[in-house]
Amino acid sequence: MSRYSATEIEAKWQAAWKEAGIFQARRSADKPKYYVLEMFPYPSGRIHMGHVRNYTMGDVIARYKMSTGHNVLHPMGWDAFGMPAENAAMASGGHPKDWTYSNIATMKEQMQPLGLSIDWTREFATCDPEYYGQQQALFLDMLETNLVYRKNAVVNWDPIDMTVLANEQVIDGKGWRSGAEVERRELTQWFFDISSMAGELLEALDGLDNWPAKVKLMQSNWIGMSRGIEIPFERTDGGEAISCYSTRPDTLRGASFLAISPEHPLSRALAESRPDLAEFIAETRKMDTTEAAMEKAEKKGIDTGITVRHPVWPDQELPVWVGNFVLMDYGTGAVYACPAHDQRDLDFARKYDLSVEPAFHMPGDSSPIETEALVPAKTEKVVYIDHFAGLDEATSQEGIDRTIDWFEARNLGKAQVKYRLRDWGLSRQRYWGCPIPVVHCEACGVVPEKKENLPVQLPNDVSFDIPGNPLDRHPTWRDVPCPSCGAPAKRETDTMDTFVDSSWYFARFTSARAETPTEAEDAAYWMNVDQYIGGIEHAILHLLYSRFFARAMNMTGHLPESAREPFDALFTQGMVTHAAYVNAERKDPHGRKLYHYPEDVTSDGAGHFTVKETGEAVLVEPSTKMSKSKFNVVDPLNIIASYGADTARWFVLSDSPPERDVEWTAAGAEAAHKHLNRVWGLCDRIGAMDADATGEGDEDLLREMHKAIRDVTLGVESFGFNAAIARLYGFTNVLLKSKAGAAAQKQAIMTLAQLMSPMTPHLSEDIWHHQGGEGLIALAPWPVADEAMLVEDTVTMPVQVNGKRRAEITVAKDLPKDEIEKIALAERAVQRSLDGNPPKKVIVVPGRIVNVVA
RNA sequence: GCCCAAGUGGCGGAAUGGUAGACGCAGGGGAUUCAAAAUCCCCCGCCUUCACGGGCGUGAGAGUUCGAAUCUCUCCUUGGGCACCA
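This section reports on the structure supplied with the text. This structure is a prediction, so every number in the text was calculated from the model and none was measured.

**Observations regarding a positive patch on the surface**
- A surface patch of like charges, here positive, comprises K804, R806, R828 and R832.
- For the positive patch, the elements supplying multiple residues, two or more each, are β34 (804-812) and α26 (828-834).
- As for its placement among the helices and strands, R806 is situated in strand β34.

Written out as C-alpha cells, the structure reads:
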C-alpha cells in the first residue's frame, strides 16, 4: 500500500486555512462564543512533546467547538520574562531581549507545522512594552485600590547573585545558581494583598464544578483556613498584654508558658538591652528555612524574664520565652504552650524544665504525661479536669466550641478565622522583568508614575558581567524627576515577579492590541475562558494568582463581575515520558551515569539493548519526563519530519487518558502512522468502486457509523480522547472489512474523516476533498447520530446462573420479561447448571442481563 | 505526621452496579515474496482438558447486592500535596 505524503498534504491544508482566515476570532452575535486556552509557553528555545500534547488537546477542543457552531477564540502568546534569559546573557554575553525574541521566532516556526487552529493575530510576548506597559497601568490601579502595598519583610538573599530568591530557589540553604549560603535579610518589598481575599478564594472553589477536585483541594490546603480564638495574656509587670492565637483553647488549663517569635515586637524591644537575646535572634535569622532543615532543627528558646497571668486562673503566672519555632507571620506571632497536649511544646518543656499539666485525660486512664504528649482526635471523648467552661466528659471538638463561647461571653477573647495564605511578594532584584512603575522621592516618598508616561521601559544598554541588578547600576535610567514635585528622584529598580505576567494574559487576549489593559466590550464578550488546559504543576501558584488578579481587575474596572472566576473549566494534562537508556559498562568522565539517545540504541527483540556504535550493553530505565540530562528527549520536529504532524497529534492523544502521563515509544508512533495510512488507503478502494454497484450490509455499516458518531462525540466532550481514538480504530476496522456498496462506504469514510478531524485535521481535509466534500472540513458541521439508527431490533443478553455467565440469548428488543425468562431457562447450559432443580429466583433486566438464582 | 488519589494480562489501558480485559503495543502462527521490507489473515489473562468444557481471576481480607474492577470498612503498596501554621 502506498503511504500518504504528510509533508505535502499538511503544508497544503495549512495554506488553505490561512488563506481562508478561518481561525481569526471576531465578536459575533450570531453564534455562542467559546474561549479555549492552553497555558502559554516560556520561550526556552525549542518546543517539546509536552507542548505538542498540550496544544493538541486544546486544538481538538477548539476544532470540535468550531464545527458545533461556536465562535471560537484560541490564542497563543509567550511568557517571556524570567531568569533563564539573564542567565544566558551572563553565560554568553548576549542580551536577554535578543535571546528571548530569537527563541520566540524559532519556537513559533516549530509550532506552525502542527497545524494548530490558533488566531495568531492576537499573539504577544509578556516582554513586549505594549504588554508590560498595560501591566504597569494595572499595577497603578491596584496601588490606588490598596491591593498592592510596601512593607518590610524577611526574605532569602543570595549574597553572590545579589538578589532575592523565592523559597523554591533555595536548595539545602544555598542559592540554586550561585551555591552561596542564603541569608535572611529584611528588605522593603512590594506585596499583593492576596491574603485579604483568602476567604473568598477559598469559598469560591466550591463553585468551580469543572475543575479537577485535586486542584481545588490543593488550593484549599494552600489557603489553609483554621478556626480558633485570640486570647490576650496580661503581663504581671503592667506592660502591653501579649495576644496568643489558638485552635485548641480547650487545652488552656495545661498552659505552662508563652512562646513568642524572635521577630515579635516584644522580642525586638527586649533585645536592645539584652545582648544574649539579640544574639539569639540573629542566629535564628541565619537558620535555614527549608523543610528538611526544619525537621532536624533544634527547638531552642530563651527566657525573657517576663511573666503573664493565666486568663482563667489569674494567680497562675506563666513565663514568657522567645522560641525559634514561633512564626511571626502566622496568627499573632505568639503562642501559649500546653506541653501535655502538644509534642513540640512537650519537648521544649522537658528541655528547659518547664511544668507539664494536663487539661484532660482519656476516660479511665489518667496516667501522667511522660515523654509523649496526649493528642486525641477531635472526635474522641476525653475527660476534662476542673474545666472552666463546665465541661466534663466531651469530645475535643465540643470542648473547643464551648471554650470559645465561654471566652467570647466574658469578653476575654475573640473567635478568629486565620489563613495560612500569605501576601504575595512581587519584588525581584532582576533586570528581565516588568519594571515597577514608581519613583522614590526624598520629599514626596513613593510616587506612582503618571499613566501617560507608561510604559516605563527597560533600558537596552545594560551589562551582565557583574552580579546584581543592572538597573541598579545603570548611569541614567534611575534618575528621573519626581512625577509629583519635579525634584530629582530615583526610579524603583526592582521588577515584578514573572508570575504577575501570567496572571492576566488570558484577559489581554480578548483585546490584545487595546490601549488599556482590556477593552470592556471584548472582555465582556470573550471572558470567561471556557476551557483552560495546562500542567498540574501550576495547580497552586499560577492558578491562585490568576484568580486573585481576575478579582483585582474586576475591582479596578478591567473585567466584569462575572469574570472574577476567570476559568470556567480546567483540565490538567499529564506529561510525555520516555524510557532512558543508561550505559551498563561505563560511566561518563565525571563518574555519573552515561545516557544514550534512543536512536543510538538498538534492541535484539528479546529485551537486550546495546549501543549501536560500540556494542556496549545498555540498561533501560523506567519511563520518566523527557529531559536533556537523561537523553530521552524526542524532538517533535523529527517526528513531524518522518511521519507528519497528524501522526504526532494522533499518538499523543491515544493510549493514555489525557490527565495521565503518556509514554512515547517509537513503536507506538509507528502504529499511529500505520493506522492513518490505512484510513488513507480506504480512499483508493472507494475510488475504485463502481459508484452504482450495490453491496452487502449497507445498513450494518451505517448503523456502526452512527454508533461511532455517538461514542466519539461523547469522548471528545468529556476529555476521553484515548477512548474516542479507540472507538475510531474500531469503526475503521469495521469499514475495512465492510462489503457495503460505494455510496454507503463513501458516507462512512466522510463521516470517519469528520470524526477524526479534530485530531488529524490535515488528513481529514484531504479525504474530505477527495470524496467531493464541500468546502473545508474544518467548517463542516459536526455529524449528528441518528437515534433511530442506534436502535436495533434484537438484543443479545448474557444469562448468568448465580452470577456466573452460562449462556447468551438473542431476543427481540421489546420482548416481555416473562418471555425472556422462558427462553433463558430453556438454554441447555442453564439447565445443566441448575441440575434439574427449579430456580429460586430469576432477575431479568431487559436489554442487559438475565441472572438465575439457583 | 496530616490530607488526597491510584492499584485490572508481558505493557499502555477499556468497562462507574449487569458478558472483565474494548482499542493499541509487544509476542506466536500463517499468506504474499526468489528473499526481505511493507501489507493482509488468524491466535493471544492464568490453570486444566486431545477436544467439548471446567476452575480461577481486577493489590489483600471482609461486607452490602440476584449480580461488585465499580459501593462500604480494614489493611498493604505506589504516587501526589501540605508540614515548626499553634
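**A few points about the nonpolar core**
- Among the nonpolar cores identified, the biggest contains 164 residues, and F139, Y505, F549 and W664 are the most heavily contacted of them.
- Excluding residues that lie within four positions of it along the chain, F139 makes contacts with V148, W190, L426, I436, P437, V438 and M496.
- Ranked by size, the runner-up nonpolar core spans 31 residues in total, among them I260, F280, V320 and F407.

**Observations regarding the protein's contact with RNA strand B**
- T247, K299, Y330, R420 and R422 are the nearest of the 50 residues found near RNA strand B.
- Here, RNA strand B places atoms within 4 Å of the protein, and 61% of those atoms are sugar or phosphate.
- Here K214 contributes a side-chain N or O atom positioned 3.4 Å from a sugar or linking oxygen of RNA strand B.
- Measuring from a phosphate oxygen of RNA strand B, one finds a side-chain N or O atom of N733 at 3.4 Å.
- Elements with a minimum of two residues in the surface near RNA strand B: α7 (213-223), β9 (242-246), α10 (291-296), α19 (666-688), α21 (721-737), β34, β35 (841-845) and β36 (849-853).
- Considering only residue class, the surface near RNA strand B consists of 23 nonpolar, seven polar and 20 charged.

**Some words on the pairing of β35**
- Because side chains alternate across β35, one face comprises the buried residues V842 and V844, and the other comprises K841, I843 and V845, none of which is buried.
- In terms of strand pairing, β35 meets β36 through five bridges, oriented antiparallel. Each bridged residue has a counterpart across the sheet, and for V842 the counterpart in β36 is V852.
- Hairpin geometry of β35 and β36 is characterised by an intervening segment of three residues between the two adjacent antiparallel strands and by a positive phi of about 80° at G847.

**Observations regarding helix α3 (residues 83-92)**
- Taken residue by residue, α3 has M83, A85, E86, N87, A88 and A89 as its buried positions.
- Where α3 is buried, its residues contact α4 (96-111).
- Two residues or fewer after α3 comes G93, characterised by a positive phi angle close to 80°.

**Description of the sheet that holds strand β2 (residues 71-73)**
- Taking strand neighbours across the sheet as the criterion, the four strands line up as β2-β1-β25-β26 in an open arrangement whose pairing is parallel. Each edge of the sheet is formed by a strand with only one pairing partner; in this case those strands are β2 and β26 (570-573). Taken over all neighbouring pairs, the strand axes of this sheet differ in orientation by 20° on average, direction set aside.
- As paired elements, strand β1 (residues 33-38) and strand β25 (residues 531-535) share three bridges and run parallel to each other. From the neighbouring strand, V36 faces β25, where its bridge partner is Q531.
- Those strands touched by helix α2 (residues 49-67) are β1, β2, β25 and β26, and its axis lies near 175° from that of β1.

**Some words on the sheet that holds β9**
- Pairing is antiparallel in the open sheet, where three strands are placed in the order β9-β8-β17. The sheet is open, and its two edges are formed by β9 and β17 (414-419), each paired on a single side. Ignoring strand direction, the axes of neighbouring strands in this sheet form an average angle of 35°.
- Pairing of strand β8 (residues 225-233) with β17, which is carried by six bridges, proceeds in the antiparallel orientation. Bridge assignment links S226 to a residue of β17, and that residue is K418.
- Across the face of the sheet, helix α12 (residues 396-409) comes into contact with β8 and β17 while running at roughly 45° to β8.

**Re α12**
- Over its 14 residues, α12 extends 20 Å from the first C-alpha to the last, a length consistent with the 20 Å expected when each residue adds 1.5 Å.
- Residues S396, G399, I400, T403, I404, W406 and F407 constitute the buried set of α12. One side of α12 carries all its buried residues, which in axial view fall inside an arc of 160°. Counted as exposed and oriented over 90 degrees from the buried face of α12: D405 and A409.
- In the segment just after α12, N411 is the residue with positive phi, at about 60°.

**Thoughts on unusual backbone geometry**
- For the peptide bond that leads from L454 to P455, omega is 0°, which places it in the cis range.
- Tracing the chain through its elements places P455 in the loop between β21 (445-448) and β22 (479-481).
- In the segment running from M527 into N528, the intervening peptide bond is cis, with an omega of 5°.
- Structurally, N528 can be placed in the loop between α15 (520-526) and β25.
- The phi dihedral of D655 is positive, around 70°, even though this residue is not glycine.
- One can find D655 in the loop between α18 (645-653) and β32 (662-663).
- The class of D655 is exposed, set by a relative accessible area of 59%.

So, how was this worked out
- Residues numbered from 1 in each chain as written.
- Chains lettered and ligands numbered in written order.
- Predicted model: local features only at pLDDT ≥ 70, side-chain atom pairs only at ≥ 80, totals over all residues.
- Heavy atoms only, no water.
- Patch = residues over 30% accessible without salt bridge, like charges linked within 9 Å, V, L, I, M, F, W, Y side chains within 5 Å.
- Areas by Shrake-Rupley, 256 points an atom, 1.4 Å probe, with all protein chains shown as cover.
- Salt bridge = Lys/Arg side-chain N within 4 Å of Asp/Glu carboxyl O.
- Lys, Arg positive; Asp, Glu negative; His and termini not counted.
- Charge placed at Lys NZ, Arg CZ, Asp CG, Glu CD.
- Helix = DSSP H or I, 4+ residues; strand = E, 2+ residues; numbered from the N terminus.
- Core = buried A, V, L, I, M, F, W, Y, C linked by side-chain atoms within 4.5 Å.
- Buried < 20%, exposed > 50% of the residue type's maximum accessible area, 1.4 Å probe, protein only.
- Contact = heavy atoms within 4.5 Å.
- Near = heavy atom within 4 Å.
- Polar contact = N/O pair within 3.5 Å; in protein donor to acceptor, adjacent residues only side chain to side chain.
- Nonpolar A, V, L, I, M, F, W, Y, C, P; charged D, E, K, R; others polar.
- Pairing = 2+ DSSP bridges.
- Axes fitted to C-alpha atoms, helices over the stretch in contact; angles between N-to-C directions.
- Expected span 1.5 Å × (residues − 1).
- Arc of directions from axis to C-beta.

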